[in-house]
Amino acid sequence: MDQPTHHPRPTTSPAVTTLADPLVNRGTAFSRREREELGIDGLLPPAVESLDEQVARAYEAFHGYDKPLNRHIYLRQLQDTNEVLFYRLVTEYLEELLPVVYTPTVGEACQKFSEIYRRPRGLFLTWEDRHRFRDILRNRPHRDHDVDVIVVTDGQRILGLGDQGVGGMGIPIGKLSLYTAIGGIHPARTLPILLDVGTDNETLLDNPRYLGRRDRRLTGAEYDEMIEAFVSAVEAELPGTLLQWEDFATAHAHPILARYRDRLLTFNDDIQGTAAVTLGALSTAANVAGTPLPEQRVVILGAGSAAIGVADMIRTAMIDEGLPEDEATARFWILDVDGLLVSSRSELTPQQRVFARDEGEVADWDGTGLAEVVRRVEPTALIGLSTAHGAFTEEIVRQMASTCERPVVFPLSNPTSHSEAEPADLTRWTDGRALIATGSPFPPLTVDGHEVPVAQSNNVYVFPAMGLAVTASRAARVTDRMLVAAARAVARCAVRAADGDDGPVPLLPPLAGMRESAREIALAAALAAVEDGVAPQATEEELREAVARAQWEPRYAD
Ligand SMILES: NC(=O)C1=CN([C@@H]2O[C@H](COP(=O)(O)OP(=O)(O)OC[C@H]3O[C@@H](n4cnc5c(N)ncnc54)[C@H](O)[C@@H]3O)[C@@H](O)[C@H]2O)C=CC1
Ligand SMILES: CC(=O)C(=O)O
Ligand SMILES: [Mg+2]
């Protein structure tokens, strides 16, 4: 009779732990001495590389993949293998790699999350575990570190792609990569979290590969209980951590922000981060156009969390610049899928109702669709946060350009497949007069013989800097004034970047200089935190130093 074979449970050698921990592993950069001391000699090929040589090899390997999704998978694997190398590569080639780590490719990575899933990163929390959230937070991979920033989503409105369920995890991972690459938050001190409250996406529910809970979304009191259990666990286990809400459906985004913004250090990136960068870009555009911000007539397509957040902050800035509140409110015309927000519409949320136009204004209009609104209103700025691809049509844009010398046109929906217009078309339809910013990256334009980058008005200009600001200043809350200060700093950085250049003024600072811009933006937000009394007293010089000190650089410690 055959003897049963006995396979003892394998024990993990310290060598394997070293090489498997992406925050410790240096791969081929371990020196011979380190290899001996760590007991890993023989486990690596003999060559010893410098970080620069590793970056060169990784960059070539990245280019060995043609499809953006495969490039994304390669970068994620690199991140899960050696974080210093990953961040060095991303910071060195930020402009080129941003679209792969972030929008648009991160959208596809969320849609295919279950198919491309490799290694664990971040925490997944479900309803069944709601009484154990604190214990699960203790399971985070680097529990000897405090956490500076959490990005959390429930996956319900991922970019303009709708409900991606557990696949939404791609967004917190991508956003936190940029917190580190741009803001300089130490990677061990970031924590992506996915609240799996189910999904209403039939395709996912029918997909045998789907890795999330195969249930419909929680709603009502249960949903609120889940969020409260999560926030309480964060407060208990990780007090003082910045909690960023990301890609929640509008129905949840506003109430969650209202409930928690005065209770802990928290903000909603889609509402507040988007608003700050858009105000920054609009301020620069208003200068270029010679039409001051309070004189802008703003039409916004989309009335979700992003659009209303943007309108609120621009309105605040107009009031700051001297316009009475009612006049500032009257400078906005906001449309959703059913047309212009007008006071007779009973289903408007309180946030939308602020901007509802008087019924009488539209009485003799030919409907309240975008084309008619643009014809009647003669806007100076047209902003898209609607997810409606191609909604800024040639007819609409030409109409706008016929009444406005320098039309500001910002198709901000993500990813690229949902953009309201293509910059090249906008330039052609307006004979190069349009002042353009998009949400996702687009190739540069040629205007008057100059090659001009297309400004990417994306909250990526704001959230990494906000993380740096609160970490450096030890702020306890995120206030509106901190966000407005960030917006103004974004605009200042753009103007400074253009200094001495005789080409068209860029509406936003260059992506390649994002780490430096992040320090300026963080300083402005940190100063506002001190002024608002939500951070300990400090001088500008002290804050500047604290911000510089807080920014982690990807290199191997000696
Ligand atoms: N550039 C950036 O930094 C950011 C861009 N966004 C983008 O903004 C878009 C909207 O985000 P949320 O406001 O959170 O979404 P949401 O789902 O809350 O809002 C979408 C709004 O657009 C309206 N809408 C949908 N289809 C429309 C159509 N065909 N015509 C007119 N209106 C239409 C809806 O009625 C709703 O008011 C997304 O594509 C998102 O990626 C969001 C945050 C940041
Ligand atoms: C950029 C971003 O946060 C969004 O599209 O949702
Ligand atoms: Mg978002």
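Residues numbered from 1 in each chain as written. Chains lettered and ligands numbered in written order. Predicted model: local features only at pLDDT ≥ 70, side-chain atom pairs only at ≥ 80, totals over all residues. Heavy atoms only, no water.

What follows concerns the packing of helix 14 (residues 269-289) against helix 15 (residues 305-320). At their nearest, the axes of helix 14 and helix 15 sit 8 Å apart, and the two run at 50° to each other. Viewed along their axes, helix 14 and helix 15 adopt a mutual orientation that is oblique. The interaxial crossing formed by helix 14 with helix 15 has right-handed handedness. In contact with Asp270, Ile271, Gln272, Thr274, Ala275, Ala276, Thr278, Leu279 and Leu282 of helix 14, helix 15 contributes Ser305, Ala306, Gly309, Val310, Met313, Ile314 and Ala317. Among the residues making up the contact of helix 14 with helix 15, the classes are represented as ten nonpolar, five polar and one charged. (Axes fitted to C-alpha atoms, helices over the stretch in contact; angles between N-to-C directions. Helix = DSSP H or I, 4+ residues; strand = E, 2+ residues; numbered from the N terminus. Parallel < 35°, antiparallel > 145°, perpendicular 65-115°, else oblique. Left-handed = near helix turned anticlockwise from the far one by under 90°. Contact = heavy atoms within 4.5 Å. Nonpolar A, V, L, I, M, F, W, Y, C, P; charged D, E, K, R; others polar.)

Binding of the magnesium ion (ligand 3) to the protein goes through Glu246 (OE), Asp247 (OD) and Asp270 (OD), at separations of 2.0 to 2.1 Å. Positions of the donor residues of the magnesium ion (ligand 3), expressed as sequence spacing, correspond to E-D-x22-D. In this pair, aspartate 247 sits in the loop between strand 4 (242-245) and helix 13 (250-260) while aspartate 270 sits in helix 14, placing the two residues 23 residues apart along the sequence. Both residues of the pair, aspartate 247 and aspartate 270, count as buried. (Donors = N, O, S within 2.8 Å, 3.2 Å for Na, K, Ca; no water. Buried < 20%, exposed > 50% of the residue type's maximum accessible area, 1.4 Å probe, protein only.)

Bringing the sheet that holds strand 6 (residues 298-301) into the picture now. Strands sit in the order 8-7-6-9-10-11-14 across an open sheet of seven strands; the sheet is mixed. Either end of the sheet is taken by a strand with one partner, and the two such strands are strand 8 (339-340) and strand 14 (455-456). Relative to strand 9 (residues 381-384), strand 6 runs parallel, the two being bridged by four bridges. If you follow valine 298 over to strand 9, its bridge partner there is alanine 381. Against the sheet, helix 15 makes contact with strand 6, strand 7 (332-336) and strand 9, and its axis sits at roughly 175° relative to strand 7, the strand it touches most. (Pairing = 2+ DSSP bridges.)

The next thing to look at is the UniProt feature "binding site: (S)-malate" (unreviewed entry) in the chain. Taking the UniProt record as the reference, the feature "binding site: (S)-malate" (unreviewed entry) is found at Arg157, Asn414 and Asn458. Restricting the annotated residues just mentioned to those that line the second largest pocket leaves Arg157, Asn414 and Asn458. Mapped onto the elements of the fold, arginine 157 is located in the loop between strand 2 (149-153) and helix 10 (170-183). A relative accessible area of 23% means that arginine 157 is categorised as partly exposed. Excluding anything up to four places from it in sequence, arginine 157 contacts Gly162, Asp247, Phe248, Ala249 and Asp270. Note that asparagine 414 resides in the loop between strand 10 (408-411) and helix 20 (423-429). On the basis of relative accessibility, which here comes to 15%, the residue asparagine 414 falls in the buried class. If we ignore the near neighbours within four places in the chain, the residues touching asparagine 414 are Thr103, Leu159, Gly160, Gly439, Ser440 and Asn458. (UniProt positions renumbered as here; feature names shortened; annotations may be inferred. 1 Å grid on protein atoms, 1.4 Å probe; cavity = no way out; pocket = protein on both sides within 12 Å on 5 of 7 lines; lining within 4 Å.)

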